[in-house]
Amino acid sequence: MAASSLADISERCHKIAQSYLQIKEPSSPIIRETQDAIKLTQRLVLNDIFPRWSPFNGEISFSYNGGKDCQVLLIIYLGCLWEYYKSNTNLKQFPLDTLKAVFIDQYQTFHTLEQFVEFTKKRYYLSLYESDRNHNKSLSMPEAFHRYLVDHPETKAIVVGIRYADPFAQDLKPIQRTDEGWPDFLRLQPLLHWKLSCIWSFLLYSGEPICGIYGVGFSSLGDISHTLPNPHLSKKKALPLFYEWEISHRGKGVVNCSPLSSQDSHFQNDEYFPGWYLLDDSLERCGRVKKH
Ligand code: FAD
Ligand code: MG
Ligand code: MG
């Protein structure tokens, strides 16, 4: 059932994270590793981020593109927001109706992903700034964020769901300023230490809807003209499913994939396993075609 408010979905996300942390006898080492990853992310958000930039007054924004990583971070972040609210005895009521977020609709992305962003914007009560689809597709990321900050000058820090395994990310820090060539703000990156397998374990356990493109052989979602199903997910070779327990723990046993848009229906196939069959971080982007 859909949540009735940001407070409601935040409380629900808090329960998801806490119930994952309470799994007693994990069926796989991935679960134990994911529990540690959640705890570190929660510590960064609650101890290092919220005391410095209030999550309640517009100083923080959340960068969201509907991908699995920022969705995992969003669930944990909303749970932290609930915990932070509960620990603040001055607050009689949950102080926000929506969460400030930003989506740079930069490339020709999958229509299914755009629909998923629209759907989850409502599900998670995001007040989502979307860079102009018709005019600004050619803007670079730094230019797009420059425009965002002109429109939202109160923003001091932006949450990013980037991980060490992403390209050029190995030296990033959980909290750091932007680089030269970018508008000046703080990047908040509390998901850096997460492995691909932890992302899937938590997301599949959560029972939350996930973007349908992952269901048809994609492990990472880039520009539509440069992203193919990942060859390492080909059914020519049998692959084991590592998350059977996570998928079935609520008795449902099905993954809640968003429907493929009619424009993406040609991606439906029987030749590839879903994205969560891939375990190795270094193979996540093997479905990308090199740009020339
Ligand atoms: P993905 O897994 O696709 O993205 C990683 C995360 O980036 C996502 O979880 C999401 O939080 C965010 N993100 C990605 N694409 C979008 C989008 N279209 N709209 C909104 N959020 C998105 N690079 C630098 O070299 N120097 C910088 O100072 C710098 N600052 C950045 C500040 C912000 C707020 C963001 C979002 C990115 C910044 N980047 C910067 C780029 C960043 O390091 C990644 O290269 C970029 O996010 C693309 O990630 P990816 O496609 O490799 O991985
Ligand atoms: Mg990612
Ligand atoms: Mg990307």
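Residues numbered from 1 in each chain as written. Chains lettered and ligands numbered in written order. Predicted model: local features only at pLDDT ≥ 70, side-chain atom pairs only at ≥ 80, totals over all residues. Heavy atoms only, no water.

**Q** Hey, could you run me through the nonpolar core in this one?
**A** Counting residues in hydrophobic clusters, the biggest one holds 75 residues, and the most contacted among them are Phe62 and Trp194. Here the element with the most residues in this core is helix 3 (residues 68-87); it accounts for twelve residues. Domain assignment of the residues forming this core places at least three in each of domain 1 (6-188) and domain 2 (211-283). Excluding residues that lie within four positions of it along the chain, Phe62 makes contacts with Cys70, Leu73, Leu74, Tyr77, Leu99, Lys100, Ala101, Val102, Ile158 and Val159. Grouped together as the second largest cluster of nonpolar side chains are ten residues, Ile104, Tyr129, Leu139 and Phe185 included. (Core = buried A, V, L, I, M, F, W, Y, C linked by side-chain atoms within 4.5 Å. Buried < 20%, exposed > 50% of the residue type's maximum accessible area, 1.4 Å probe, protein only. Helix = DSSP H or I, 4+ residues; strand = E, 2+ residues; numbered from the N terminus. Domains from an automatic or database assignment. Contact = heavy atoms within 4.5 Å.)

**Q** Help me understand the side chain of Ser197, please; the structure alone is not making it clear to me.
**A** Looking at the element boundaries, Ser197 is found in helix 6 (residues 196-206). Every residue in contact with Ser197, bar those within four places of it in the chain, is listed here: Ile30, Tyr243 and Leu279.

**Q** For this particular structure, what's the right way to read the pairing of strand 2 (residues 99-103)?
**A** Side-chain positions along a regular strand alternate between the two faces of the sheet. The buried count for strand 2 comes to five of five residues, which makes it a mostly enclosed element. Burial along strand 2 is two-sided: Leu99, Ala101 and Phe103 facing one way and Lys100 and Val102 facing the other are all buried. Pairing geometry for strand 1 (residues 60-63) and strand 2, over two bridges, is parallel. Counted as the bridge partner of Phe62 is Ala101 from strand 2. Following the backbone out of strand 1, through helix 3 and into the adjacent parallel strand 2, one traces a crossover that is right-handed. Sheet topology places strand 2 next to strand 3 (residues 126-130); five bridges connect them, and they run parallel. (Pairing = 2+ DSSP bridges. Right-handed = clockwise from strand over helix to strand, strands pointing away.)

**Q** So what exactly am I meant to see when it comes to the environment of Ala2 here?
**A** The residue Ala2 is located in the segment before helix 1 (6-21) in this model. The class for Ala2 is exposed, based on a relative accessible area of 59%. In this structure, the C-alpha to C-alpha distance between Ala2 and Lys68, residues 66 residues apart in sequence, is 19 Å.

**Q** How should the pattern of salt bridges be read in this particular structure?
**A** A side chain of one charge can pair with a side chain of the opposite charge if their charged atoms are brought near each other. One pass over the structure, following the stated rule, counts 14 salt bridges. Among the salt bridges present, the one from Asp69 reaches Lys68, with a minimum N-O distance of 3.3 Å. Of the two residues, Asp69 and Lys68, neither departs from the other in class, the shared state being buried. Between Glu284 and Lys68 there is a salt bridge, and its shortest N-O distance comes to 2.7 Å. Of this pair, Glu284 sits in the segment after helix 7 (244-248) while Lys68 sits in helix 3; the two residues are 216 residues apart in sequence, bridging distant segments of the chain. Across the pair, exposure class does not vary: Glu284 and Lys68 are buried alike. (Salt bridge = Lys/Arg side-chain N within 4 Å of Asp/Glu carboxyl O.)

**Q** Can you help me understand the domain arrangement of the protein in this one?
**A** Buried accessible area, meaning the area lost when the parts come together, often serves as the stated size of an interface. Entries for the protein in the domain assignment read domain 1 (6-188) and domain 2 (211-283). Taken over C-alpha atoms, the centre of domain 1 sits 23 Å from the centre of domain 2. Contacts between the two partners involve 19 residues from domain 1, matched on the other side by 25 residues from domain 2. Carbon and sulfur atoms supply 65% of the area that domain 1 and domain 2 bury against each other, a total of about 1,700 Å² over both sides. The interface formed by domain 1 and domain 2 includes one salt bridge. Residues Arg163 and Asp281 are paired through a salt bridge, measuring 3.0 Å at the closest nitrogen-oxygen approach. At the boundary of domain 1 and domain 2, one finds eight residue pairs in polar contact (both at pLDDT 80 or more). For the side of domain 1 that touches domain 2, the leading source of residues is helix 4 (residues 111-123), giving five residues. (Buried area = accessible area lost by both parts, 1.4 Å probe. Polar contact = N/O pair within 3.5 Å; in protein donor to acceptor, adjacent residues only side chain to side chain.)

**Q** Is there a simple way to think about the site of ligand 1 in this case?
**A** Within the structure, ligand 1 sits among 20 residues, and Ser63, Ile104, Gly161, Asp179 and Arg285 are positioned closest to it. A distance of 3.2 Å separates a nitrogen atom of ligand 1 from a polar side-chain atom of Asn65. In the model, a nitrogen atom of ligand 1 is placed 2.7 Å from a nitrogen or oxygen of the Asp179 side chain. Taking 870 Å² as the accessible area of ligand 1 by itself, protein coverage stands at 82%. (Near = heavy atom within 4 Å. Areas by Shrake-Rupley, 256 points an atom, 1.4 Å probe, with all protein chains shown as cover.)

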